[in-house]
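# Survey of secondary and tertiary structure
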Amino acid sequence: MRLEPIAAPSVGRRVLPPALAIGATFVVAALLAMIAGGNPFAVFGLILKGAFGSKFAILETLNSATPLIFTGLAIAVAFRAKLWNIGAEAQLYAGAVITVVLGTGALSLPAPLMLALCGLAAMLVGALILLGPALLKTRLGVDEVVTTLLLNFIFLLFVSYLLEGPLKDPMGMGWPKSARLIPEARLPRIVEGLRLHWGFALALIAAVAVWVINTRTTLGYEMRAVGQNAEAAAFAGIPVTRVILKTALLSGGLAGLAGFSEVSGLKGSLTLDLSPGFGYTGIVVAMLALLHPLGVVVAALFVAAIFVGADSMSRAAGVPSYLADIMLASALLFMVLAILLTKFRVRRD
Amino acid sequence: MTDTEKAQVVLRLDGITKRFGPVTANEDVSFALNRGEVIALLGENGAGKTTLMNILFGQYTADEGSVELFSQPLPAGNPRAALDAGVGMVHQHFTLAGNLTVWENIVLGVDALSAASLRPANAKARIRQLSERFHLKVDPDAKVGRLTVGERQRVEILKALYRNAKILILDEPTAVLTPQEADALFATLREAIASGLSVIFISHKLHEVMAISDRVLVLRHGRLVAERATQDTNGEELAALMVGAEVSAPSIAPASPGAPLLSMRDVTTPGAGSAPGLARVSLDLRAGQITGLAGVSGNGQAALSDLISGLISPSSGTLELHGASPQGWSPRSAIANGVARIPEDRHKTGTIADFDLTENAILETYATRFSKRGWLDWVGARAFAQKLIEGYDIRCPGPDIRIRLLSGGNMQKLILGRVLEGAPDIILANQPVRGLDIGAVNYVHEQLAKARDRGAAVLLISEDLDEIMRLSDVIHVISEGRLSPEFARGTMRPEDLGRWMAGEGFEKGMTDAA
Amino acid sequence: MDLIDILLSASFWAAAIRIASPLIFATIGELICERAGVLNLGIEGIMVAGAFAGWIAVWGGLPLWGGVAVALLTGMMLGLVHSVFSVPFGLSQHVVGVGLTLLATSLTFYTYRVVLPEVSSPPKITAFQPYEIPLLSDLPLVGPALFSQTPLTYAAFILAGLTALVLYRTPLGLAVRAAGENPQAVAAQGLSVTAIRMGAVVVGSGFMAIGGAFLTLSAFDSFFFDMVNGRGWICIALVVFGAWKPGKAVLGAILFAAFDALQIRLQQTGIGAVVPYQVFLMMPYILSILALVVMSRRAEIPAALMVPFNKGER
């Protein structure tokens, strides 16, 4: 078989394969649900109800989408420049750690300043975490996929050490858990009484900002050029190495913000289970969004809905909630194939 | 050999037609190849030569028509069938694995994949025997990556002979050889032909076609437009048949050279991979003059081009532009110093395939002309792209078209427009017409001549000696990173340049210059 | 106990060989894929799936070698998924690999919950027992270290040797190496690059899965969720460290395992009282990064690694 580029894809060509990818994902999930003894329609119904069935459920979905928007943006930015950042998990925890370091009483500042400081510091340390692998890539040609993956393990062990040592909450009854943030370091709720914090708004702002950077600025142009064809970019005089490093800083910074938002907006303290893999799920989010920053918001909501919905479905229907993870992984694989099929025709020959 | 044996048909193509969507690559092509015969397949790029060979090799299936090998029908779409029947092909881009040895490359695919052992001793002995008989000297244990281009071609031919090929297809085999190496290749071929081999020789170099073939078939736009016995035709007729009209190349008036705008003194650069760097090269590019650089590919052209493009810096020696050494040599400072760069590979280095025309048009100038404090001026950029489309006759639906969808000629016009728009006074043109149709070739050559006439210094790098001799006011030859003295237009015959290309006059030339 | 004592003890080296065994299986598997030109980042998930599949098969009543076979088949099936996406369609090997790891891991956990919905701790099986090779196991130091291992460890070394033999001595191996160096060369001989690469990924993935199964069938006797714990990523680094050569990769795995065995022992010494245990646990990952950095300049990377092959394209 042979792949033949399509000169001008029709609307159907561009819409049908992604739609089929989503469809195929649900077929896979339905089959697995049946194997586990569930009625697929009931299972999907319960997922939908769990995600959007009540005001509480909707807010829960929005809260769950928040870190995914940040990590999804982090990955979308990096992947667009062909910087394969699989280390958003470590960058997220780095942002969380610095928020706890600054926000548990070491500093005493008014709330707006405190939050700005914590947020900026989270971006900075997240960026620094990715800078190492980016430098190894640009200087020595070390594949960043493996280094960022390995750094996830290293950094999680480091967090574990911090939570049992320097950052351990003296009042924590021996649990590996940090002290609680002081009120000035907490992101307030958007509407009093509703469990939705300003981190969600911040995530939306970040998505718009990345979109503007991509389409309107020279940096966005450079990042896209380097990602599409680094050789041509270098020939034209675009400083490829510097662009990759800038991309790494932006990407790591966005993932760092996820950690800040989770600790400051939702949890109030740091534990080892702060992220159930938001860094990895961000890859799925970014790919489902076709790496488009505004698409990331939609994809993050979709993914969060499946997670939140699957949790409550699992309790009601007895089908393991890992069904959600399977759906996302298959959606990722089907979607990359679908994107290919929007641009290429498969020919026998 | 008796006449009946000689007339024995070994390969017959009958009514081959192949379409790719709306494009017809081959239309009703029929011919027969006799035993011990050399057929030249002549045609421009895109005339359908490669498609035809790919059909023979089962890479494509013909829509209509059939192929017969040694009086047996050839099953369509099976790459093994032609090989097993005794057809060997030397591709234009060698199909060798650099990290493997010569013998490993040669035996690849000979034994069934289920066979238990490669039997290296047998294989090497046989290779030595063949290389002796056909004067194809090469060490079976050498890594292919370390061989010269000429040696790699020998490996490719050995590969075919090792398989007892009875028909050998050579696709543009001399593109990478010096005239002298090409002569050696022809000698080898004649020996092989004498022992019964039949050859299809694909080329667009007329003098070679005249020298080696018995019969010439001319392909144009996928159709077989003419067949001539070589002895009954001549170069002029073949050229006319190939392009379908009398060739009207732009006439180049004599130049009035001025001061050197770019000067190198004793410049040495590191090599890249198997290609050499520059070795103590001194070169002046003068205003109002086209300097041609002749040479076999892979002899330091890439290093010279990278140097002038700003991608690399001299490791020793000096580079001066407009009489001053540039600070911090890079692509950006090259552009800032008025160097226009037309890269060798317009797909890989010249353009970004999935960017639209506007985005490609501003690739070199986005930061200086279309940016305000980090914000891009898309309105200005689009207007600039529109200007290039009109000024350089780029045929396209508009500035939003993805560059991938343009033809090679239009892509090259965009690059020309992009680099010539600021009226640069130094122009590097590295293989500027490779793979273009004759109309686009003439357009590019006219633009280069025009730039020269307004006082620009032009460096034309090409592997096509005809192009170099036609356009250049002065010629240098490059071989293994060394540069020959400057030869004025009309003072050298192709054979003379060929000897320099083979590295011959250099020691003498060096002492003469000293 | 000080360092010298540790390094001279047979039990230390026996542990190193034991720790190296799953790494050898998976590294050889990855090496086969990469030699054919495909980076298989599904390795982590494939090991998780292999660990589970082998164990659940034995728990369900199959003999131990039956469990190994089930793991092999599981890995091959996942490899098939990877290769369909990465070879004929030529999709990003990074994205496909990470996607496959997510898929294989979540499928495994899902299946675990479906098969064992009620258990709080996973059931145990009777794992492979050490087999003392007559005569050889009586040798001092070497005997207990090398020749008193489980059959699956011996299998790992045999597999590595066979792989080297096939890669360097047979037409098939030559075709695999050529596919990773210059697929055009393979296609020009009428061989199918697609078939060779897919085959390599399928077989290599099978070996990775056996690496996972080693954990449940030989090293331990049960299945835990975080059992593989990044070993797959470490094997990716080991392939680079071994310069894509089976022999060097095995040596790398042993060296690496020796460091791992050492850190476990050092934790129980005076150093362990001062240095937090997390530092010891970090060592394998840090070593992997260092290995990548050290080898980055020298490694003879297959020229067509991660370059998809599309017929008729140059």
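Numbering of residues starts from 1 in each chain and follows the order in which that chain's sequence is written. Chains carry letters from A onward and ligands carry numbers from 1 onward, assigned in written order. Residues qualify for local features only when their pLDDT is at least 70, as the model is predicted, and side-chain atom pairs are given and counted only at 80 or more; totals for whole chains, interfaces and linings, by contrast, use all residues.

## Here we look at the overall build of chain B
- From N to C terminus, chain B includes 20 helices and 22 strands.
- Values of the radius of gyration come from C-alpha atoms, whereas the globule rule sets the reference at 2.2 Å times the count of residues to the power 0.38. Here the C-alpha atoms of chain B give a radius of gyration of 25 Å, agreeing with the 24 Å that 2.2 N^0.38 yields for 514 residues.
- Counts of 20 or more other C-beta atoms within 10 Å of a residue's own C-beta define buried residues, counts of 12 or fewer define exposed ones, and intermediate counts define partly exposed ones; C-beta atoms are placed from the backbone. A buried classification covers 47% of the 514 residues belonging to chain B. For helices the rule is a DSSP run of H or I covering at least 4 residues; for strands it is a run of E covering at least 2, with both sets numbered from the N terminus onward.

## Quick word on the overall build of chain A
- The number of helices and strands found in chain A is 13 helices and two strands.
- In terms of overall dimensions, chain A is globule-like: its C-alpha atoms have a radius of gyration of 21 Å, near the 20 Å expected for 349 residues.
- With the C-alpha coordinates aligned to their principal axes, the bounding extent of chain A is approximately 70 × 60 × 35 Å.
- By residue count, 56% of the 349 residues in chain A fall in the buried class.
- Remark: residues whose backbone-derived C-beta atoms lie within 7 Å of one another are considered to be in contact. Put simply, of all contacts in chain A between residues at least 6 apart along the chain, 78% involve residues at least 24 apart.

## Some words on the interface of chain A and chain C
- Tallying the contact residues gives 39 residues for chain A and 39 residues for chain C.
- Sorting the residues of the side of chain A that touches chain C by element identifies strand 1 (2–5), helix 1 (11–35), helix 5 (111–140), helix 6 (144–164), helix 11 (278–288) and helix 13 (322–343) of chain A as the ones contributing at least two each.
- Under the scheme applied, nonpolar residues are Ala, Val, Leu, Ile, Met, Phe, Trp, Tyr, Cys and Pro; charged residues are Asp, Glu, Lys and Arg; polar residues are all the others, including Gly. Here the side of chain A that touches chain C is composed, by residue class, of 32 nonpolar, five polar and two charged.

## Quick look at the domain arrangement of chain B
Residue and element names in this part refer to chain B.
- Domains assigned within chain B are domain 1 (9–86 + 166–247), domain 2 (100–164) and domain 3 (260–513).
- Sort the elements by how many residues they give to the side of domain 1 that touches domain 3 and helix 7 (residues 179–194) lands first, with three residues.
- A breakdown of the residues in the side of domain 1 that touches domain 3 according to their chemical character gives five nonpolar, four polar and two charged. An automatic or database domain assignment provides the domain bounds reported here.

## As for helix 12 (residues 246–267) of chain C
All names here are of chain C.
- Helices are assigned an expected span. That span is 1.5 Å times one less than the residue count. Counted at 1.5 Å a residue, the expected span for helix 12 with its 22 residues is 32 Å, and the 32 Å between its end C-alpha atoms agrees.
- Among all positions of helix 12, only Pro 246, Ala 249, Val 250, Gly 252, Ala 253, Phe 256, Ala 257, Asp 260, Ala 261, Gln 263 and Arg 265 are buried.
- Where helix 12 is buried, its residues meet helix 1 (3–7), helix 2 (10–35), helix 7 (151–169), helix 11 (231–241) and helix 14 (277–295).

## Section: the nonpolar core
- A set of buried residues drawn from Ala, Val, Leu, Ile, Met, Phe, Trp, Tyr and Cys, joined through C-beta atoms within 7 Å, is what defines a nonpolar core. Of all hydrophobic cores here, the largest spans 388 residues; its most connected members are Leu73(A), Val296(A), Val303(A) and Leu323(A).
- In terms of residue count, helix 10 (residues 193–219) of chain C provides more of this core than any other element does, 15 residues in total.
- Setting aside anything within four residues of it in sequence, one finds Leu73(A) in contact with Ala206(A), Ala207(A), Val210(A), Leu254(A), Pro293(A) and Val296(A).

## Digging into the sheet that holds strand 14 (residues 316–321) of chain B
Residues and elements named next belong to chain B.
- If you walk across this open sheet you meet the three strands as 12-11-14, and the pairing is antiparallel. If you trace the sheet from one side to the other, it starts and ends with strand 12 (281–286) and strand 14, each paired once. Neighbouring strand axes in the sheet, compared pairwise and without regard to direction, differ in orientation by 5 degrees on average.
- A pair of strands is considered paired only if DSSP assigns at least 2 bridges between the two. Bridge count for strand 11 (residues 260–268) against strand 12 is five bridges, and the pairing is antiparallel. Residue pairing for strand 12: Pro 260 is matched across the bridge by Arg 286. Every angle, taken between N-to-C directions, lies between 0 and 180 degrees, and every axis is a line fitted to C-alpha atoms, over only the stretch in contact when it is a helix.

## Re helix 10 of chain C
Residues and elements named next belong to chain C.
- The end-to-end C-alpha distance of helix 10 is 37 Å, a good match for the 39 Å that 27 residues give at a rise of 1.5 Å each.
- Bend is computed residue by residue as the angle between axes fitted to the seven residues ending at the residue and the seven residues starting at it. Of all the bends found along helix 10, the most pronounced is centred on Ala 213 and spans about 35 degrees.
- Most of helix 10 is tucked away: 25 of the 27 residues are buried.

## Structural notes on unusual backbone geometry
Residue and element names in this part refer to chain B.
- Non-glycine residue Ser 71 carries a positive phi angle of around 65 degrees.
- Residue placement: Ser 71 occurs in the loop between strand 4 (64–69) and strand 5 (72–73).
- You can call Ser 71 exposed: it has 10 C-beta atoms within 10 Å.

## Describing the sheet that holds strand 8 (residues 198–203) of chain B
All names here are of chain B.
- In space, the six strands of this open sheet follow the order 6-7-8-3-9-10, with mixed pairing throughout. Only two strands of the sheet have a single neighbouring strand rather than two, namely strand 6 (87–90) and strand 10 (223–229). Within the sheet, the average angular offset between the axes of one strand and its neighbour, ignoring direction, is 20 degrees.
- Where strand 7 (residues 167–171) lies against strand 8, five bridges are found, and the strand directions are parallel. Across the sheet, the residue bridging to Ile 169 is Ile 200, located in strand 8.
- Docked against the sheet, helix 6 (residues 149–162) engages strand 6 and strand 7, running at close to 170 degrees with respect to strand 6.

## A look at the interface of chain C and chain B
- Contacts between the two partners involve 21 residues from chain C and, on the opposite side, 24 residues from chain B.
- For the side of chain C that touches chain B, the secondary-structure elements that each account for two or more residues are helix 8 (171–181) and helix 9 (183–188) of chain C.
- The element best represented in the side of chain C that touches chain B is helix 8 of chain C, accounting for seven residues.
- In terms of residue class, the side of chain C that touches chain B is made up of nine nonpolar, six polar and six charged.

## With respect to the pairing of strand 20 (residues 474–479) of chain B
All names here are of chain B.
- In terms of residue burial, strand 20 counts as a mostly covered element, since five of its six residues are buried.
- Relative to strand 20, strand 13 (residues 289–294) runs parallel, the two being bridged by four bridges. Its bridge partner being in strand 20, Gly 292 is matched across the sheet by Ile 475.
- The sheet contact formed by strand 20 and strand 21 (residues 482–483) spans two bridges and is antiparallel. Looking across to strand 21, one finds that Ile 478 is bridged to Leu 483.
- Between strand 20 and strand 21, which follow one another and run antiparallel, lie two residues, and Glu 480 among them has a positive phi close to 45 degrees.

## Here's the deal with the packing of helix 3 (residues 55–80) of chain A against helix 12 (residues 293–317) of chain A
Residues and elements named next belong to chain A.
- Contact geometry for helix 3 and helix 12: axes closest at 7 Å, N-to-C directions at 135 degrees. In terms of orientation, helix 3 and helix 12 fall into the oblique class. As helix 3 packs across helix 12, the resulting crossing turns out to be right-handed. Here helix 3 contributes Ala 57, Glu 60, Thr 61, Ser 64, Ala 65, Leu 68, Ile 69, Gly 72, Leu 73 and Ala 76 to the contact with helix 12, which in turn contributes Pro 293, Val 296, Val 297, Ala 299, Ala 300, Leu 301, Val 303, Ala 304, Ala 305, Phe 307 and Val 308.
- For the contact of helix 3 with helix 12, the per-class residue count stands at 17 nonpolar, three polar and one charged. By the definition adopted for this analysis, an angle is roughly parallel if under 35 degrees, roughly antiparallel if over 145, roughly perpendicular if from 65 to 115, and oblique otherwise. Crossing handedness follows the turn of the near helix against the far one: under a right angle anticlockwise gives a left-handed crossing, and clockwise gives a right-handed one.

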